[in-house]
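# A look at the structure
Given next are the chains, with one letter for each unit.
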Amino acid sequence: MEDAFYERDGEGFVATELTRGPWDPGSQHAGPPSGLLGRAIERVPGGEGFQVARVALEILRPVPIGTVRVEAELVRPGRSVQMIEASLVDEEGEKLMVARGWRIRTGEIEVPEEVETTPPPPAGPEEGDEPEFFATGQSAGYHTAMEWRSVGGGFLEPGPATVWMRMGCELVAGEAPTPLQRTLVAADVGNGISAVLDWTRFVFINVDLTVHLERMPEGEWICVDARTLPQRNGIGVAESVLSDERGRIGRAAQALLVSER
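Residues numbered from 1 in each chain as written. Predicted model: local features only at pLDDT ≥ 70, side-chain atom pairs only at ≥ 80, totals over all residues. Heavy atoms only, no water.

### Considerations on the pattern of salt bridges
Taken as a whole and judged by the stated rule, the model has 14 salt bridges. Among the salt bridges present, the one from R182 reaches E220, with a minimum N-O distance of 3.8 Å. Of this pair, R182 sits in helix α3 (residues 179-187) while E220 sits in the loop between β11 (208-213) and β12 (222-230), and the two are 38 residues apart along the sequence. Judged by its relative accessible area of 14%, R182 is buried. (Salt bridge = Lys/Arg side-chain N within 4 Å of Asp/Glu carboxyl O. Helix = DSSP H or I, 4+ residues; strand = E, 2+ residues; numbered from the N terminus. Buried < 20%, exposed > 50% of the residue type's maximum accessible area, 1.4 Å probe, protein only.)

### Digging into the layout of surface pockets
In this structure, the largest pocket spans a volume of roughly 640 Å³. Taken together, 34 residues form the lining of the largest pocket, with P22, W23, Q28, H29 and A30 sitting closest to its centre. Mapped onto the lining of the largest pocket, the elements with two or more residues apiece are α2 (142-145), α4 (190-193) and β10 (202-206). Here the lining of the largest pocket is composed, by residue class, of 19 nonpolar, 11 polar and 4 charged. Of the volumes computed, that of the second largest pocket is approximately 490 Å³. Taken together, 16 residues make up the lining of the second largest pocket; nearest its centre are G107, I109, T117, E214 and R215. Looking at the lining of the second largest pocket, the elements that each hand over two or more residues are β3 (50-59) and β6 (95-105). (1 Å grid on protein atoms, 1.4 Å probe; cavity = no way out; pocket = protein on both sides within 12 Å on 5 of 7 lines; lining within 4 Å. Points joined across faces, edges and corners; volume = space filled by probe spheres on them. Nonpolar A, V, L, I, M, F, W, Y, C, P; charged D, E, K, R; others polar.)

### Regarding helix α1 (residues 31-43)
With 13 residues, α1 ought to run about 18 Å at 1.5 Å a step, and its terminal C-alpha atoms sit 19 Å apart, in line with that. Burial within α1 is extensive, with 11 of its 13 residues counted as buried. Along α1, the positions that sit buried rather than exposed are G31, P32, P33, S34, G35, L36, L37, G38, R39, A40 and I41. (Expected span 1.5 Å × (residues − 1).)

Coordinates in, geometry out; function isn't part of it.
Okay, here's the thing in structure tokens:
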């Protein structure tokens, strides 16, 4: 098995089979390319003293398991806030995903002790069990690249779910993943773990992913506490609270296309 989601190839990145998602064996799960876009965002110069506080990712079309390139630029410079735009393109230069990230300057402020800043986390990963996955028909993919510990619900149990995740491989071969990259790789699973409709009858594919980060996670485990709300008009939303082992770090949301297979 490969040791990373991507291998470097000049200016591009070659996706390994560990990026494979559940909807199409030839397409990537949105988690790894989201992490790749986050990597580009945080590498744009001028971020010293700033933290990425929000990343909004738009999934324009399925991302094939092949070679992709990532481009990023600072579009709104500033001393307190900065916006960065990034895009993921295929070998022909066609855009597959785009992202906008806000960087906000950090600084120490005095917050009264009675004001809660970090709600406590759910039960930790050591208290969870490895959940059973959907029958994807594939022996390797995103589902095998990640470590999973469920402390409530899961892929085959309809309804809300609380699942801890840890990357079992690097994002890019030879590089240790950063806290932002770990978060973005994990945050896209909300609709998968908290499905309320029958996987064999319905698809519930997200067209976007928006992640707000109040602080960066500590350690390798990311918890996704998710709920999916599908509507009879074929549109749904998956909402997730994100935590590390110290407590809440932020939230994620996905707009869903819901339809019968």
